[in-house]
Amino acid sequence: KKDKPIVAEDDGRFAVAIDAGMVESLLKMLPRFVGQRQYPALRDTMYNLLDSVHIVVATRKKRSTRAVDSNRGFIEEALLTHERILTGSKDRSILKIVKTIISVDRLDTCSQCFKQLEKKDVRRCSRCMIAKYCSRECQVEHWKSGSHKEFCSAAV
């Protein structure tokens, strides 16, 4: 039996973490580790954690969405401060997820490339109906990477 990812289980935990400043704290902490040996593993862990936050907020979980709304200014400030420092391609993907998290209630975004979508252009996973994509290619890539495969199996 597979364990369900936390995103499928508890909106409240994410809401508390977001309210406590988790997103902006991760952004502030990341530059301190650039160039150190443990940096790639830390960066990947942060990416996965922020991706989970994105999924919870994108699925319109009320408490987490409210938490992002109430902390939007702090998150935007941390984002602007660290955009100049975090310049690597993987660093940029972290910044892109954070931008998506703070704009999620305004527009739909692709779960793979985080491109903002018009309502008419949204393609959903036919299995869970939660993940949104801009194209078939993004949907296939998200499945192959394992990110959505694990979530989708737990959500259904």
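Residues numbered from 1 in each chain as written. Predicted model: local features only at pLDDT ≥ 70, side-chain atom pairs only at ≥ 80, totals over all residues. Heavy atoms only, no water.

**Re the overall build of the protein chain**
Looking only at helices and strands, one finds seven helices and four strands in the protein chain. In sequence order, the protein chain lays out its α and β elements as α-α-α-α-α-β-β-β-β-α-α. The contacts of the protein chain with a sequence gap of at least 6 include a subset with a gap of at least 24, amounting to 59%. Surface summary for the protein chain: the accessible area is close to 8,900 Å², and the carbon and sulfur share equals 50%. (Helix = DSSP H or I, 4+ residues; strand = E, 2+ residues; numbered from the N terminus. Contact = heavy atoms within 4.5 Å. Areas by Shrake-Rupley, 256 points an atom, 1.4 Å probe, with all protein chains shown as cover.)

**Some words on the packing of helix 3 (residues 39-58) against helix 5 (residues 89-103)**
Each pair of packed helices can be summarised by the angle the axes make with each other and by the distance between the axes. The geometry of helix 3 relative to helix 5 is characterised by a closest axis approach of 9 Å and an angle of 20 degrees between their N-to-C directions. Put simply, helix 3 runs roughly parallel to helix 5. Considering only the axes of helix 3 and helix 5, their crossing is left-handed. Listed contacts from helix 5 to Y39, R43, D44, M46, Y47, L50, D51, V53, H54 and V57 of helix 3 are K90, D91, S93, I94, I97, V98, T100 and I101. Of the residues in the contact of helix 3 with helix 5, the class split is ten nonpolar, three polar and five charged. (Axes fitted to C-alpha atoms, helices over the stretch in contact; angles between N-to-C directions. Parallel < 35°, antiparallel > 145°, perpendicular 65-115°, else oblique. Left-handed = near helix turned anticlockwise from the far one by under 90°. Nonpolar A, V, L, I, M, F, W, Y, C, P; charged D, E, K, R; others polar.)

Keep in mind these values describe shape, not function.
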